[in-house]
Amino acid sequence: MTDELHEECGIFAVYSPKAYPAAEDVYYGLYALQHRGQESCGIVVNDDGIFHSHRGLGQVSRVFSGEELGRFPEGSMAVGHVRYGTTGGNSMSNCQPMEVNHQKGKMALAHNGNISNAFELRNKLELSGAIFHSTSDTEIIAYIVTRERLKKPSIEEAVLSAMEDLEGAYSIAVMSSAKLIIARDPLGFRPLCYGKKEDGTYVAASETCALEAVGARLIRDVEPGELLVFSGGEVTSYREHCGKKERKTCIFEYIYFARPDSVIDGVGVHAARLKAGEILARTYPVIADVVVGVPDSGLDAALGYSRYSGIPYGIGFIKNKYIGRTFISPSQRERSSGVRIKLNPLRETVEGKRVVLVDDSIVRGTTSRRIVHLLREAGAKEIHVRISSPPFISPCYYGTDIDTKENLVACRHSLSEISEMIGADSLGYLPLDSLPELVGHTGCCCACFSGEYPTRVPEVTSKERFEKRLSEICYKNITK
Ligand code: SF4
């Protein structure tokens with residue numbers, strides 16, 4: 001794990017009563033979801049039951065040149081995916097959407113989230129003869145849906161049945177030769193919504209910002225546990241898995257992962273971040289001259305802090321907009337200059353000033369230390385760090401890379417120790433009990449901050465658990 005956190009994935013799908021250049025919409029939708037995953041991406045277009053696909057490693061603009069997009073035929077349905085892997089490495093075999101050809105037809109599957117009982121399920125399936133080509137948990141979903149399809153009369157019933165076996169986080173889009181299906185796990189960890197364009201095309205996406213990117217209007221969020229089928233020009237909702245469990249939307253979507261112009265389950269991400277800043281100002285007031293945020297997700301909370309406290313808001317850093325395309329992950333030795341390449345402090349905002357610096361989280365503390373150092377170099381007189389999330393004390397099993405306690409500085413150090421380590425004059429985290437205030441309800445997962453998990457905690461959790469599975473880990477589990 002690096003000092004930066006990553007979301008697992010983003011999904012995007014379209015369904016139209018008639019053929020149109022569907023790949024183009026998916027391209028722009030994925031582009032809007034790029035922040036959710038930059039390791040790989042892919043598009044599958046359904047042209048009258050024939051699937052055309054392209055996948056590759058890297059960002060959307062790199063994988064889909066104009067030429068690649070032009071090769072797609074028109075189609076009435078398409079699914080797309082951007083990936084940051086939290087189960088399985090970054091290889092072509094783990095790129096999505098995943099495609100399956102089986103006795104009952106074809107299927108393309110795109111998944112956002114992490115199946116928390118994946119190791120257990122895969123062991124069971126392999127011991128009964130299943131063969132897997134990838135090391136991602138998505139193939140486990142594909143396998144179970146395919147197996148259920150042999151027993152059930154329709155693809156939607158197969159997916160509903162597969163949902164009985166799956167635990168953890170999954171927002172999925174499944175495309176068969178005749179139908180598009182989208183579904184959200186019964187706890188609703190990851191967001192999923194759908195909307196409609198003026199021409200009647202239905203669009204489903206991980207975030208509302210992607211609907212807007214293609215000119216679609218939000219209809220609503222998919223309910224936790226709900227499955228929607230787009231077929232014959234109509235949308236049908238199946239709610240067998242709804243309401244059986246308490247909603248547990250990831251609170252960190254609001255704090256960090258999602259784009260601020262998205263709305264998740266009726267709550268604006270920007271508004272939630274403003275509220276976090278307001279709570280920080282209320283809880284940890286300080287006498288200062290300027291409030292600055294760390295781009296991007298610290299900016300909204302900094303504005304909230306400024307508005308509540310009355311301390312002027314300033315632009316403290318300039319972020320290199322092109323970093324995503326040009327930046328090669330730095331070696332340990334180069335990390336320090338890497339922060340400066342990404343972010344450069346604006347001397348005129350901070351020189352000689354008492355600064356409130358707002359960021360979204362502290363993982364190991366190394367990035368925070370460098371950012372504080374940059375502000376000192378730019379002449380800041382005092383630096384009061386305010387964090388718009390509570391301290392991380394536990395790993396996440398639902399699709400992010402918060403993975404070991406050893407990497408989480410708050411597990412090993414007190415508030416004052418962390419403050420000293422990062423070189424701040426004071427430090428304040430968002431109080432754990434204020435999290436419901438961000439969204440106006442208590443139906444959120446806060447496990448990485450509280451240690452209280454809404455599902456069983458998986459036995460084997462490393463990202464590479466399936467790469468290693470024929471070695472010791474697997475042997476131990478099978479022979480228990
Ligand atoms: Fe989100 Fe944390 Fe829960 Fe993971 S553990 S789903 S990051 S709140």
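Look up: the structure comes first, before these words.
Quick caveat: nothing in here was measured; it's all calculated off a predicted structure. (Residues numbered from 1 in each chain as written. Predicted model: local features only at pLDDT ≥ 70, side-chain atom pairs only at ≥ 80, totals over all residues. Heavy atoms only, no water.)

What follows deals with the site of the ligand. Looking at the ligand, the residues that line it are Arg190, Cys250, Ile251, Phe252, Cys396, Tyr398, Thr400, Ile402, Cys445, Cys446, Ala447 and Cys448. Of all elements in the fold, only α8 (251-257) and α18 (447-450) reach the threshold of two or more residues within the shell around the ligand. Classifying every residue of the shell around the ligand gives 10 nonpolar, 1 polar and 1 charged. (Near = heavy atom within 4 Å. Helix = DSSP H or I, 4+ residues; strand = E, 2+ residues; numbered from the N terminus. Nonpolar A, V, L, I, M, F, W, Y, C, P; charged D, E, K, R; others polar.)

The next subject is the environment of tyrosine 429. By secondary structure assignment, the location of tyrosine 429 is in strand β22 (residues 426-429). Measuring from C-alpha to C-alpha, the distance between tyrosine 429 and aspartate 360 comes to 9.4 Å, with 69 residues separating the pair along the chain. Once residues lying within four places of it in the same chain are set aside, the contact partners of tyrosine 429 are Leu280, Tyr284, Ile362, Ile387, Ser389, Pro390, Pro391, Leu415 and Ile418. (Contact = heavy atoms within 4.5 Å.)

As a further point, take the pairing of strand β5 (residues 98-102). Of the two faces of β5, only the one carrying Met98, Val100 and His102 is buried; Glu99 and Asn101 on the other face are not. Where β5 meets strand β6 (residues 105-112), 5 bridges bridge the pair, whose relative direction is antiparallel. Paired with methionine 98 across the bridge in β6 is leucine 109. The hairpin formed by β5 and β6 contains 2 residues between the paired strands. (Buried < 20%, exposed > 50% of the residue type's maximum accessible area, 1.4 Å probe, protein only. Pairing = 2+ DSSP bridges.)

Let's shift gears to the sheet that holds β6. Spatially, β5-β6-β7-β8-β12-β13 is the arrangement adopted by the 6 strands of the open sheet, whose pairing is antiparallel. In this open sheet, the two edge strands, each paired with only one partner strand, are β5 and β13 (234-238). With strand direction ignored, the average angle separating the axes of adjacent strands in the sheet is 20°. Across 5 bridges, β6 lies against strand β7 (residues 171-175) in antiparallel orientation. Looking at β7, one finds that asparagine 112 is bridged to serine 171. (Axes fitted to C-alpha atoms, helices over the stretch in contact; angles between N-to-C directions.)

Next up on the list: helix α14 (residues 366-377). Look at α14: 17 Å from first C-alpha to last across 12 residues, which is about the 16 Å you get at 1.5 Å a residue. Of all the positions in α14, only Ser368, Arg370, Ile371, Val372, Leu374 and Leu375 are classed as buried. The first or second residue beyond α14 is glycine 379, which carries a positive phi of 100°. (Expected span 1.5 Å × (residues − 1).)

Right, let's get into the nonpolar core. By size, the foremost hydrophobic cluster in this structure holds 43 residues, and its most contacted members are Ile251, Tyr254, Leu438 and Phe449. In terms of residues, this core owes the most to one element, helix α9 (residues 269-283), which gives 6 residues. With near-sequence residues (within four places) excluded, tyrosine 254 lies in contact with Thr249, Ile264, Asp265, Val267, Val269, Ala272, Arg273, Val439 and Cys444. Counting residues in hydrophobic clusters, the runner-up holds 28 residues, among them Ile140, Ala142, Tyr170 and Val174. (Core = buried A, V, L, I, M, F, W, Y, C linked by side-chain atoms within 4.5 Å.)

This part covers the pattern of salt bridges. Following the criterion strictly, the structure yields 29 salt bridges and no others. One salt bridge in this structure joins glutamate 67 and arginine 71, with 3.0 Å as the shortest N-O distance. Residue glutamate 67 and its partner arginine 71 are both found in helix α3 (residues 66-71); the two are separated by 4 residues, about one turn of the helix. The residues glutamate 67 and arginine 71 share a single accessibility class, namely exposed. Its salt-bridge partner being glutamate 156, residue lysine 179 comes within 3.0 Å of it at the nearest N-O pair. Taken together, the positions of lysine 179 in the loop between β7 and β8 (180-184) and glutamate 156 in helix α6 (residues 155-165) put the pair 23 residues apart, joining distant regions of the chain. (Salt bridge = Lys/Arg side-chain N within 4 Å of Asp/Glu carboxyl O.)

Along the chain, the position of phenylalanine 257 falls in helix α8. Considering only alpha carbons, one finds phenylalanine 257 and arginine 36, 221 residues apart in sequence, at a separation of 7.0 Å.

As for its placement among the helices and strands, threonine 201 is situated in the loop between β9 (193-196) and β10 (202-205). The buried category is assigned to threonine 201, whose relative accessible area is 1%. Excluding residues that lie within four positions of it along the chain, threonine 201 makes contacts with Val14, Tyr15, Ser16, Tyr20, Gly195 and Lys196.

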